[in-house]
Amino acid sequence: MELLRLENLTKTFGGLTAVKDVNFTVNEGSISGLIGPNGAGKTTIFNLITGIYKVTRGAIYFQNVPIHDKEPHVIAGMGITRTFQNIRLFKNLTVYQNVLTACHHNADYGIFDAALRLKKFRRQERELKEFAGRLLELMELSGWKDKVANSLPYGLQRRLEIARALALKPKLLLLDEPAAGMNPDETRQLMNLIRRIRDEFGCTILVIEHHMDLIMGICDNIIVLNFGKKLAEGPPEKIQQDPLVIEAYLGEGGMPGA
Amino acid sequence: MNWFYIEGVLILAGINIIAVLGLSLLTGFTGLFSFGHAGFMAIGAYSAVYFGERMGLPFAVSVVAGGLVAGLVSLFIGRLTLKLKGDYFCIATLGFGEAIRLVLDNVQVFGGARGWPGIPLKVDLVTVTIFNIVGILFLMFLINSRHGRSMIAVREEELAAKVIGIDTYRYKVISLFISAVYAGIAGGLLGYYLTFLQPKLFGLQKSTEYTIMVIFGGIGSISGSVLAAFILTVLPEMLRSFAVWRFVIYGAAVIFIMIARPQGLMGGKEITLKGIAGILGIPGRNRKTARSGEV
Ligand SMILES: Nc1ncnc2c1ncn2[C@@H]1O[C@H](COP(=O)(O)OP(=O)(O)OP(=O)(O)O)[C@@H](O)[C@H]1O
Ligand SMILES: [Mg+2]
């Protein structure tokens, strides 16, 4: 079943067309990959889906509802969230506070419930804290609970950003280069983690990556971008053999170094 | 030094604490700088005295209603300016504060530049203390709720706050509203303590003083704000014998602290019972002082 659909999506910055007439769909429960050389427009597409950039032309549908004129927080509320290429944690807060902050959607008490410490506040707050604690355990971050986010090693910061996103119980999770800066061993762990998230949280994943072994290893469907346009789309076996993709991106050797 | 004088200083400190608590929510927890809070204070002060003396409302009701008027005005200002980037918001508040002062200077119903004399004295140490306790508790409970955490998220990383579903604009408006109510209430108390009001009480210098207090106490710390407002109100009084030099000494003291402790007195931490126990060497399960957001 289709979860996300981009229709003739176009984004221009002044004279530069970063994304041009891109069409693709993401199926529910799938892991999809978005690849392409630097500057191809991958991150821009994430920024369009999450409402951070306004769409110049075209449309984005999520569960058949148009979302391209909605505000970022509304889109997040509908079940789409993401991580950033350049990690954006709440740097001065602890690991626990990072996740707890993102749990707010699972409660609906008002300011006066909080100010008067009413029963509703106390009950919901207890549930939020339990949920945040469970999430940290699942993501194997419990040991770092009270550490300030900024002080974590790089790989754990990436994992924390994913944990924070999962606190929304998203239907669609967008990961922007989650393996950037990771060694092969960490990358393998990340691949397992992404599969586990899909299975255990039941969410659909769209991932941007330059690590080809990760993309080819976990994706059901891959979309290749080049200069803002879609170059090819299909399962890993097909993409690996596509002459256009090999020429534009994968190179003669078949695998890029990045 | 007699008790009457000491009590006066303590009352002023208490009034400043209320205004600084409000500004602390906006600047310390939400990350928005304002140089116009004296304007909200003025609105609260004149409204409270108007409600109390012209309309005959009881004292406490007038003061709270004055705070709400300041809050309402802030909603209007917020709508106009909170979509702007942080630095523009800051400049807009500066303009707002000065505009309010100039308007009051020229509106004769409130006494114009000569001011509004003859307000009955209705504020004592007990009143101020009650307002302080309620003000501190409200802020503490707010900060430790999902609403407070969302404000802190706006301060920490606005884009990330948005993609986890936080309506950052709405939380900025709420934060400004609450901080304006605090400022307005502080203004009303000031009027009923000084027994007169004058527009020049609420100039840019006052707004700046409050911002200094928030930063001096440490961004994102309620106890830091309280401590800073207290110290920076009492210090100039203790230095009175130095005549004009006291402001030089005051300034030097502020600069010294900011160099020695750029994160402010409390540096985003809070004074907690556990923390005090820890310093005194009393063993406990968890001796760390909590960071902002976990009092
Ligand atoms: N806010 C912006 N203003 C102007 N140009 C932009 C903006 N954002 C992106 N671009 C341009 O759009 C193009 C696509 O950028 P984008 O960040 O989407 O690339 P990418 O595929 O994510 O690349 P990388 O692999 O390096 O992350 C680039 O030429 C970039 O300079
Ligand atoms: Mg990118």
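Quick caveat, the model's predicted, so the values are computed rather than measured.

Calculation rules
- Each chain has its residues counted from 1, running along the sequence as written.
- A letter from A marks each chain and a number from 1 marks each ligand, given out in the order of writing.
- The model is predicted, so local features are restricted to residues of pLDDT at least 70 and side-chain atom pairs to those at 80 or more, both for listing and for counting; the totals for chains, interfaces and linings are taken over all residues.
- The side-chain values count all of the structure's non-hydrogen atoms but skip hydrogen atoms and water molecules.
- Here a donor is an N, O or S atom found within 2.8 Å of the metal, or within 3.2 Å if the metal is Na, K or Ca; sites may look incomplete because water is not among the atoms.
- Segments assigned H or I by DSSP are reported as helices when at least four residues long, segments assigned E as strands when at least two residues long, and all are numbered from the N terminus.
- Buried residues are those whose accessible area, probed at 1.4 Å on protein chains only, stays under 20% of the maximum for their type, while exposed residues exceed 50% and partly exposed ones sit between those limits.
- DSSP calls a pair of strands paired once it identifies at least 2 bridges connecting them.
- A patch consists of residues exposed above 30% relative accessible area that lack any salt bridge, with like charges linked at up to 9 Å and nonpolar side chains (Val, Leu, Ile, Met, Phe, Trp, Tyr) linked at up to 5 Å.
- The accessible surface values rely on the Shrake-Rupley method and a 1.4 Å probe; as for residues, cover is taken only from the protein chains in view.
- Salt bridges, as used here, are contacts in which a Lys or Arg side-chain nitrogen is within 4 Å of a carboxyl oxygen on Asp or Glu.
- Working definition: a ring pair exists when centres of Phe, Tyr or Trp rings (six-membered ring for Trp) sit within 6.5 Å. Plane angles under 30 degrees give stacked, over 60 give edge-to-face, the rest tilted.
- Any Lys NZ or Arg CZ found within 6 Å of a ring centre and within 35 degrees of that ring's normal is scored as a charge over the ring.
- Contacts are assigned to residue pairs with any non-hydrogen atoms lying within 4.5 Å of each other.
- Where each domain begins and ends is defined by an automated method or by a domain database.
- The definition of a polar contact used here is a pair of N or O atoms within 3.5 Å, where within protein one atom must be able to donate a hydrogen and the other to accept one, and adjacent residues in sequence count solely through side-chain atom pairs.
- For this classification, the nonpolar set comprises Ala, Val, Leu, Ile, Met, Phe, Trp, Tyr, Cys and Pro, the charged set comprises Asp, Glu, Lys and Arg, and every other residue, Gly included, is treated as polar.
- Residues are labelled near a given molecule or strand when at least one of their non-hydrogen atoms is within 4 Å of it.

## Section: the coordination of the magnesium ion (ligand 2)
Residue and element names in this part refer to chain A.
Thought 1: The magnesium ion (ligand 2) binds to the protein through T43 (OG1) and Q85 (OE1); the donor distances cover 1.9 to 2.1 Å. Taken together, the residues span a long stretch of sequence, with T43 in helix α1 (residues 42-49) and Q85 in the loop between β6 (80-82) and α3 (95-102) at a distance of 42 residues.
Thought 2: Given the relative accessible area of 26%, T43 is considered partly exposed.

## Description of the pairing of strand β1 (residues 2-13) of chain A
Residues and elements named next belong to chain A.
Thought 1: Sheet analysis places β1 next to strand β2 (residues 16-27), joined by eight bridges and oriented antiparallel. Following the sheet pairing, T12 is matched in β2 by T17.
Thought 2: In this structure, the hairpin formed by β1 and β2 is closed by a connection of two residues, where G14 is found at a positive phi of approximately 60°.
Thought 3: Here β1 pairs with strand β4 (residues 57-62) via five bridges, running antiparallel. Bridge pairing in β4 places R5 opposite Y61.

## Here we look at a nonpolar patch on the surface
Residues and elements named next belong to chain B.
Thought 1: Among the surface-exposed residues, L227, F230, I231, I271, L273, I276, I279 and L280 lie close enough to one another that they form a single nonpolar patch of about 790 Å² accessible area.
Thought 2: Of all the secondary structure elements, the ones that give two or more residues to the nonpolar patch are α10 (222-238) and α12 (273-279).
Thought 3: One can find I271 in the loop between α11 (245-260) and α12.
Thought 4: A residue is classified by how much of its surface remains accessible, and I271, at 42% relative accessible area, is partly exposed.

## Concerning unusual backbone geometry
Residues and elements named next belong to chain A.
Thought 1: One non-glycine residue, E140, adopts positive backbone phi at about 55°.
Thought 2: Residue placement: E140 occurs in the loop between α5 (119-138) and α6 (154-166).
Thought 3: In this structure, E177 takes a positive phi of about 50° despite not being glycine.
Thought 4: Relative to the helices and strands, E177 resides in the loop between β7 (172-176) and α7 (184-201).
Thought 5: On the basis of relative accessibility, which here comes to 9%, the residue E177 falls in the buried class.

## Some remarks on the packing of aromatic side chains
By convention here, two paired aromatic rings are described through the distance between centres and the angle between planes.
Thought 1: Inspection of every chain in the model, using the stated rule, returns nine aromatic pairs over all chains.
Thought 2: On the basis of an interplanar angle of 80° and a centroid distance of 4.9 Å, the ring pair of Y109(A) and F121(A) is categorised as edge-to-face. With Y109(A) in the loop between α3 and α4 (111-115) and F121(A) in helix α5, this residue pair connects regions lying twelve residues apart in the sequence.
Thought 3: Residue Y109(A) is classed as buried on the basis of its relative accessible area of 0%.
Thought 4: Taking 5.2 Å as the distance between ring centres and 90° as the angle between the ring planes, the aromatic pair formed by F59(B) and Y192(B) counts as edge-to-face. Of this pair, F59(B) sits in helix α3 (residues 59-81) while Y192(B) sits in helix α8 (residues 168-194); the two residues are 133 residues apart in sequence, bridging distant segments of the chain.
Thought 5: Classification of F59(B) by relative accessible area gives buried; the value is 16%.
Thought 6: Taken together, the ring pairs connect Y46(B), Y50(B), F110(B) and W116(B) into an aromatic cluster.
Thought 7: If you follow R5(A) out to its NZ or CZ, it ends over the ring of Y61(A), 4.4 Å from the centre.

## Describing α3(A)
Thought 1: Counting buried positions along α3(A) gives eight out of eight residues, so the element sits mostly inside the fold.
Thought 2: All of the buried residues along α3(A) are V95(A), Y96(A), Q97(A), N98(A), V99(A), L100(A), T101(A) and A102(A).
Thought 3: Where the residues of α3(A) are buried, they touch α5 and α6 of chain A together with α6 (146-156) of chain B.

## What to know about the domain arrangement of chain A
It is common to give the size of an interface as the accessible area that goes away when the parts come together.
Residues and elements named next belong to chain A.
Thought 1: When cut into domains, chain A gives domain 1 (1-79 + 170-258) and domain 2 (92-168).
Thought 2: Here the C-alpha centroids of domain 1 and domain 2 sit 27 Å apart.
Thought 3: Counting from both sides, the interface comprises 19 residues of domain 1 and, opposite them, 13 residues of domain 2.
Thought 4: Where domain 1 packs against domain 2, one counts one salt bridge.
Thought 5: Among the salt bridges present, the one from R196 reaches E140, with a minimum N-O distance of 4.0 Å.
Thought 6: At the boundary of domain 1 and domain 2, one finds one residue pair in polar contact (both at pLDDT 80 or more).
Thought 7: Elements represented by at least two residues in the side of domain 1 that touches domain 2 include exactly α2 (72-78), β7 and α7.
Thought 8: Of all the elements, α7 adds the most residues to the side of domain 1 that touches domain 2, at seven residues.
Thought 9: When its residues are assigned to classes, the side of domain 1 that touches domain 2 shows twelve nonpolar, three polar and four charged.

## A few points about the site of ligand 1
Residues and elements named next belong to chain A.
Thought 1: Around ligand 1 sit 14 residues in total, of which N38, K42, T43, T44 and Q85 are the nearest.
Thought 2: Residue G39 places a main-chain N or O atom 2.9 Å away from an oxygen atom belonging to ligand 1.
Thought 3: The contact in question runs from an oxygen atom of ligand 1 to an N or O atom on the side chain of K42, over 2.8 Å.
Thought 4: Starting from 640 Å² of accessible surface for ligand 1 in isolation, the protein chains cover 65%.
Thought 5: Taken together, the elements giving at least two residues each to the shell around ligand 1 come down to β2 and α1.
Thought 6: It is α1 that provides the largest number of residues to the shell around ligand 1, a total of three residues.

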